[in-house]
Amino acid sequence: MKNRKLLFGILFIGLFASSCYTEVIVEDDLITEPPINTALVLESHDLWYVDINKTLGSGEVPFLQRAFTITFDRGIVYANNNLSGLGKTGNGLGIDVGAYATYSGQVEIDHDVDGLWLLEVIALDYNTLEIYDPRSDTSYILEGYQRSNFDYDMVFYDNIHLFLQEYQVWEKTYTSELGALNEFDQENYLQFFDDGNGYFRSSVDAQGIPLSNLQWDYQGDYEVYDVANDASLKTLTLDYDFLGNDYFELYVINDSTIELYHVSSGTVYEFTGRGYIQYLKSSDGTGKKRSKTNNPVMNVTRQRDM
């Protein structure tokens, strides 16, 4: 009898030990990190700013390459592809460009023009996402904002070279009375292009004429500069071979008006955009894409008395 009791005790201890070992494995499984709630992450901010300069990889996702901001709202994808109208179009969200569905750590976007894309979503922190396209091995970095705290001015100044190209022509609509007479007083129209090296055209034609009747008098190079320690100021040089460079401080007044402060003469000019070019959804001639920029830096101080 004692031997049977002893054998039963040994078996009980063995089963108990085995049971404890099994429980440890179960507990270890529970330690694994839970899967990302992709929909919750994507919809946690009103606007995701596409920081194009932080893009990694040599490929592209066309609709992300065009967008300044992208929004995920209850199955619909919105994008702001233009600076003009930013903050107003679609109540700030932009235009409807497609639909999306979410999976664990992935989003499937059915873009109206660019088709179906399955992208990986990686939350870098509360305000930052990495959207990775495995087909092209390319990552986009998105910074999240609510509409109430989104710095619209920052977007204009960070992408000023694209803003200059959103209108066919910039027409001079104001010249200050203060300021010395100079050759630029005669210029009434400016046009900006980017073919890898920025160039501009200018015209002295009378204000208010149809754009189709404009005669361009000069073509030359232009350059936009960042200013050291002043993120809200850009400077602009227009290279007139026969006059040398005209140097301006460049300010954005609103989404259709820029101000050029001619530092050497102290004259303020305002130019208003004409012939708005809306970049909608396509990748053809109406779908201009963004590219990384690295403006040269000027070590100057602001001269305009604001």
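Residues numbered from 1 in each chain as written. Predicted model: local features only at pLDDT ≥ 70, side-chain atom pairs only at ≥ 80, totals over all residues. Heavy atoms only, no water.

**Things to note about the overall build of the chain**
Looking only at helices and strands, one finds 5 helices and 17 strands in the chain. For the chain, the proportion of its 306 residues judged to be buried stands at 43%. For the chain, contacts bridging at least 24 residues in sequence account for 54% of all contacts bridging at least 6. Of the roughly 16300 Å² that the chain leaves accessible, carbon and sulfur atoms contribute 52%. (Helix = DSSP H or I, 4+ residues; strand = E, 2+ residues; numbered from the N terminus. Buried < 20%, exposed > 50% of the residue type's maximum accessible area, 1.4 Å probe, protein only. Contact = heavy atoms within 4.5 Å. Areas by Shrake-Rupley, 256 points an atom, 1.4 Å probe, with all protein chains shown as cover.)

**A few points about the packing of aromatic side chains**
Counting across every chain of the model gives 17 aromatic pairs. Geometrically, the ring pair formed by Phe156 and Phe163 is edge-to-face, given 5.2 Å between the ring centres and 85 degrees between the ring planes. Residue classification places Phe163 among the buried residues on the basis of a relative accessible area of 0%. By way of ring pairs, the aromatic residues Phe156, Phe163, Tyr167, Trp170 and Tyr276 are connected into one cluster. Positioned above the aromatic ring of Trp117 is the side chain of Arg135, whose terminal nitrogen or guanidinium carbon lies 4.2 Å from the ring centre. (Phe/Tyr/Trp six-rings, centres within 6.5 Å; stacked < 30°, edge-to-face > 60°. Lys NZ or Arg CZ within 6 Å of the ring centre and 35° of its normal.)

**Things to note about unusual backbone geometry**
The backbone phi angle of Asn91 is positive, close to 60 degrees, even though this residue is not glycine. Note that Asn91 resides in the loop between strand 3 (76-80) and strand 4 (95-103).

**Observations concerning the confidence of the model for the chain**
Taken as a whole, the chain shows an average pLDDT of 86; of its residues, 83% reach a score of 70 or greater. Segment residues 1-34 is flagged for pLDDT under 50; beyond a separation of four residues in sequence, or across chains, it makes 0 contacts in the model. Every residue in residues 281-286 scores below 50 in pLDDT, and together they form 18 contacts with partners more than four places removed in sequence or on other chains. (pLDDT = per-residue confidence, 0-100.)

**Some points on the environment of Ser265**
For Ser265, the position within the fold is in the loop between strand 15 (257-262) and strand 16 (267-276). The spacing of Ser265 and Gly179 is 86 residues in sequence and 5.3 Å in space, taken between C-alpha atoms. Residues within four places of Ser265 in sequence aside, it is in contact with Gly179, Ala180 and Asn182. Of note is the side chain of Ser265, whose polar atom sits 3.2 Å from the side chain of Asn182. (Polar contact = N/O pair within 3.5 Å; in protein donor to acceptor, adjacent residues only side chain to side chain.)

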